[in-house]
Amino acid sequence: MKSGIAFFDFDGTITTKDTLLEFIRFSKGTLNFWMGFALCSPWILLWKLKFITNQTAKEKVLSYFFRGMKLQQFEQLSAAFATQVIPSLLRTKALEEIHHLQEQKFTMVIVSASPANWIEPFARQYNIPVIATSLEIKEGLLTGKIAAKNCHGEEKVRRIKEQFELNTYQLIHAYGDSSGDLPMLGLAHKAFMKPFRKN
């Protein structure tokens, strides 16, 4: 059997903030960020009240800010965000845990509801594969929709099982910070909720 595998949520677990929100602020500016969320607030309220799904609310936000943007421009913004902003959001203790597990020959995986576009540049530095939300692209433009399903809750579990045979690992670790991570944490022999919050 393989030694171990560790699944890490990204936003709030490896980072101190939600990177989708920070990416919007970075790419659109603070004023447009607040104006946009004021206009999107009815959808966010409906999601909080559980009248619409997490995915529907997220698509409303993505559509407002990015619908019609060229994929090339979005990728350039993502690369700049990964270089200029993400390093300042990282939790030192999370990075220490990643290094520690890699020394123990664990397979490492980041599993996130945020788009992979700015997570993958970070993950490549540590040779960590990424399972994340994909954005729908048509004719080279973002539609504002999510391709397939938002990688959140049970969808994290489905994606993990689709890519990894968990019964071949001696030990499974999972790290998360929100209710959307609970199904993933349920897969683990050792589950950690908000383990790095003091950093």
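First, a word on what this report is: a plain description of the structure on this page.

1. A look at the packing of helix 2 (residues 30–48) against helix 3 (residues 54–66)
Phase 1 of the analysis: One can describe the packing of helix 2 onto helix 3 by two numbers: an axis separation of 9 Å at closest approach and a directional angle of 160 degrees. As the angle between them shows, helix 2 and helix 3 are arranged roughly antiparallel. The chirality of how helix 2 crosses helix 3 is right-handed. Across the interface between the two elements, Asn32, Phe33, Gly36, Phe37, Leu39, Cys40, Trp43 and Trp47 from helix 2 touch Asn54, Ala57, Lys60, Val61, Tyr64 and Phe65 from helix 3.

2. Examining a nonpolar patch on the surface
Phase 1 of the analysis: On the surface, Trp43, Leu45, Leu46, Leu49 and Phe51 cluster together to form a nonpolar patch covering roughly 510 Å² of accessible area.
Phase 2 of the analysis: Within the element layout of this structure, leucine 45 appears in helix 2.

3. Comments concerning the pattern of salt bridges
Phase 1 of the analysis: Enumeration over the complete set of coordinates arrives at seven salt bridges.
Phase 2 of the analysis: Measuring nitrogen to oxygen at the nearest pair gives 3.1 Å for the salt bridge that ties aspartate 9 to lysine 156. Of this pair, aspartate 9 sits in the loop between strand 1 (2–8) and helix 1 (19–28) while lysine 156 sits in helix 8 (residues 154–163), placing them 147 residues apart in sequence. We note that aspartate 9, like lysine 156, is buried.
Phase 3 of the analysis: Arginine 158 serves as the salt-bridge partner of glutamate 155, at 2.8 Å between the closest nitrogen and oxygen. Separated by three residues within a single helix, glutamate 155 and arginine 158 lie in helix 8, roughly one turn from each other.

4. Looking at the sheet that holds strand 4 (residues 141–147)
Strands pair in a sheet through their backbones, by hydrogen bonds, and they do so in one of two ways: parallel or antiparallel.
Phase 1 of the analysis: Strands sit in the order 4-3-2-1-5-6 across an open sheet of six strands; the sheet is mixed. Looking at the sheet topology across the chains shown, the edges are occupied by strand 4 and strand 6 (190–193). Each strand axis lies, on average, 25 degrees off the axis of its neighbour in the sheet, ignoring direction.

5. Observations concerning the layout of surface pockets
Phase 1 of the analysis: Counted as a void, the largest pocket has a volume near 770 Å³.
Phase 2 of the analysis: The wall of the largest pocket is formed by 30 residues, among which Asp18, Trp47, Asn54, Lys58 and His152 lie closest to the centre.
Phase 3 of the analysis: Elements supplying a minimum of two residues to the lining of the largest pocket: helix 1, helix 2, helix 3 and strand 2 (107–115).

Calculation notes
- Residues numbered from 1 in each chain as written.
- Predicted model: local features only at pLDDT ≥ 70, side-chain atom pairs only at ≥ 80, totals over all residues.
- Heavy atoms only, no water.
- Axes fitted to C-alpha atoms, helices over the stretch in contact; angles between N-to-C directions.
- Helix = DSSP H or I, 4+ residues; strand = E, 2+ residues; numbered from the N terminus.
- Parallel < 35°, antiparallel > 145°, perpendicular 65-115°, else oblique.
- Left-handed = near helix turned anticlockwise from the far one by under 90°.
- Contact = heavy atoms within 4.5 Å.
- Patch = residues over 30% accessible without salt bridge, like charges linked within 9 Å, V, L, I, M, F, W, Y side chains within 5 Å.
- Areas by Shrake-Rupley, 256 points an atom, 1.4 Å probe, with all protein chains shown as cover.
- Salt bridge = Lys/Arg side-chain N within 4 Å of Asp/Glu carboxyl O.
- Buried < 20%, exposed > 50% of the residue type's maximum accessible area, 1.4 Å probe, protein only.
- Pairing = 2+ DSSP bridges.
- 1 Å grid on protein atoms, 1.4 Å probe; cavity = no way out; pocket = protein on both sides within 12 Å on 5 of 7 lines; lining within 4 Å.
- Points joined across faces, edges and corners; volume = space filled by probe spheres on them.

Don't take any of this as a statement about function, it's just geometry.
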